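Fold and geometry: a report
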Amino acid sequence: MAVLRVTGDLDTATAPALRTALHTALAAQPDAVVVDIAGLDVRHPTALDVFPAMTAEAADWPAVPLMLHSPGDRTARQLADTGCRVHPTLEHALDEVRSTAAPVRLRARLRPTTGACRQARELVADACERWGLAELRATAAVVVTELVANVIRHARTGMEITLAPRDGRLSIAVRDGSAREPEPADPGLDEAGGRGLRLVRDLSDAWGVLPVVDGKVVWATIGS
């Protein structure tokens, strides 16, 4: 799990830096992200919205719980109605993590070569067989091929693929070392990468891009 300690003033100027730190922790897809906010001085109440916003964002992907612990009295009151998971101490937060079964995942690191697409499809086939998701195999193979091909064409960096089962669906994430965020092309444009992302969008229950300090994660969730 990722355990972070946040100290200092939290206001509208520093909230973006906190969001970036949380993005980076979530992108590693740990079992949980646990944040010590004992040393946090909330200078502007609206800046505290970063925590419920990130909790909601992480619910789609990577489905990693974001837990806060050891808030001051005022901060605890401000967080009371936000839906955030707030614990009185670190041990209370860790007890919740330990009592929950660790998520099942498959991971692989690939180089940006033409063979990467085939390797990604083989990983998807293995995952679907292991987790009883055979009906998703064909769709997931198309989606992972497009995500990997996009890295090869545009990011041109190494990548890490993570697959996970989620309530009868398959979660696919591809992390690369480029900060350039992909966008689906307009239907009339002849842009290979954009067309691929339109396909990802059309075949997925949900998809998105998570920026991190050393690149990004593009993720998609495939359902039946």
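Residues numbered from 1 in each chain as written. Predicted model: local features only at pLDDT ≥ 70, side-chain atom pairs only at ≥ 80, totals over all residues. Heavy atoms only, no water.

Secondary structure assignment for the protein chain yields seven helices and nine strands. Computed over C-alpha atoms, the radius of gyration of the protein chain comes to 19 Å, within 12% of the 17 Å expected from 2.2 N^0.38 for 224 residues, which places it in the range of a compact globule. Judged by the C-alpha coordinates and their principal axes, the protein chain covers about 55 × 35 × 25 Å. Residues classed as buried in the protein chain amount to 48% of the 224 residues present. Total accessible area computed for the protein chain in this model is approximately 11,000 Å², and 49% of it derives from carbon and sulfur atoms. Both charge centroids of the protein chain, one from 25 positive and one from 29 negative side chains, sit 5 Å from each other. (Helix = DSSP H or I, 4+ residues; strand = E, 2+ residues; numbered from the N terminus. Rg over C-alpha atoms; globule rule 2.2 N^0.38 Å. Buried < 20%, exposed > 50% of the residue type's maximum accessible area, 1.4 Å probe, protein only. Areas by Shrake-Rupley, 256 points an atom, 1.4 Å probe, with all protein chains shown as cover. Lys, Arg positive; Asp, Glu negative; His and termini not counted. Charge placed at Lys NZ, Arg CZ, Asp CG, Glu CD.)

Right, let's get into the packing of aromatic side chains. By the definition in use, this model includes one aromatic pair. Look at Trp61 and Trp219: their rings are 6.3 Å apart centre to centre, the planes differ by 10 degrees, and that puts the pair in the stacked class. Taken together, the residues Trp61 in the loop between α2 (50-60) and β3 (66-69) and Trp219 in strand β9 (residues 215-222) connect sequence positions 158 residues apart. (Phe/Tyr/Trp six-rings, centres within 6.5 Å; stacked < 30°, edge-to-face > 60°.)

Turning our attention to the sheet that holds strand β5 (residues 106-110). Read from one edge to the other, the open sheet built from five strands follows the order β5-β6-β7-β9-β8, with strand pairing classed as antiparallel. Edge strands, defined here as strands with exactly one partner in the open sheet, are β5 and β8 (206-212). Between one strand axis and the next, the sheet turns through 15 degrees on average, direction left out of account. Where β5 lies against strand β6 (residues 159-166), five bridges are found, and the strand directions are antiparallel. (Pairing = 2+ DSSP bridges. Axes fitted to C-alpha atoms, helices over the stretch in contact; angles between N-to-C directions.)

Let's shift gears to the environment of Val86. Within the fold, Val86 resides in strand β4 (residues 85-87). For Val86 and Ala125, which are 39 residues apart along the polypeptide, the C-alpha to C-alpha distance reads 39 Å. Val86 has contacts with Leu68, Pro71 and Leu79, leaving out every residue within four places of it along the chain. (Contact = heavy atoms within 4.5 Å.)

Moving on, we come to the confidence of the model for the protein chain. Looking at the protein chain, pLDDT values average 91 and 94% of them are 70 or higher. Confidence drops under a pLDDT of 50 for residues 188-193, and excluding neighbours within four residues, the segment shows eight contacts in the predicted structure. (pLDDT = per-residue confidence, 0-100.)

All right, on to a nonpolar patch on the surface then. A cluster of nonpolar side chains, namely Val142, Leu199 and Leu203, defines an oily patch on the protein surface of about 190 Å² accessible area. Within the fold, Val142 resides in helix α6 (residues 137-155). On the basis of relative accessible area, Val142 is assigned to the partly exposed category, the value being 33%. (Patch = residues over 30% accessible without salt bridge, like charges linked within 9 Å, V, L, I, M, F, W, Y side chains within 5 Å. Salt bridge = Lys/Arg side-chain N within 4 Å of Asp/Glu carboxyl O.)

Let us look at the nonpolar core. Residues Leu147, Val148, Ile161, Leu163, Leu170 and Ile172 are the most contacted members of the largest nonpolar core, which totals 31 residues. For this core, the secondary-structure elements that each account for two or more residues are β5, α5 (115-130), α6, β6, β7 (169-176), α7 (192-203) and β9. When neighbours within four sequence positions are excluded, Val148 is seen to be in contact with Ala116, Cys117, Ala120, Met159 and Ile161. In terms of nonpolar packing, the next biggest core, distinct from the first, is built from 24 residues, Val33, Ala47, Val64 and Leu68 among them. (Core = buried A, V, L, I, M, F, W, Y, C linked by side-chain atoms within 4.5 Å.)

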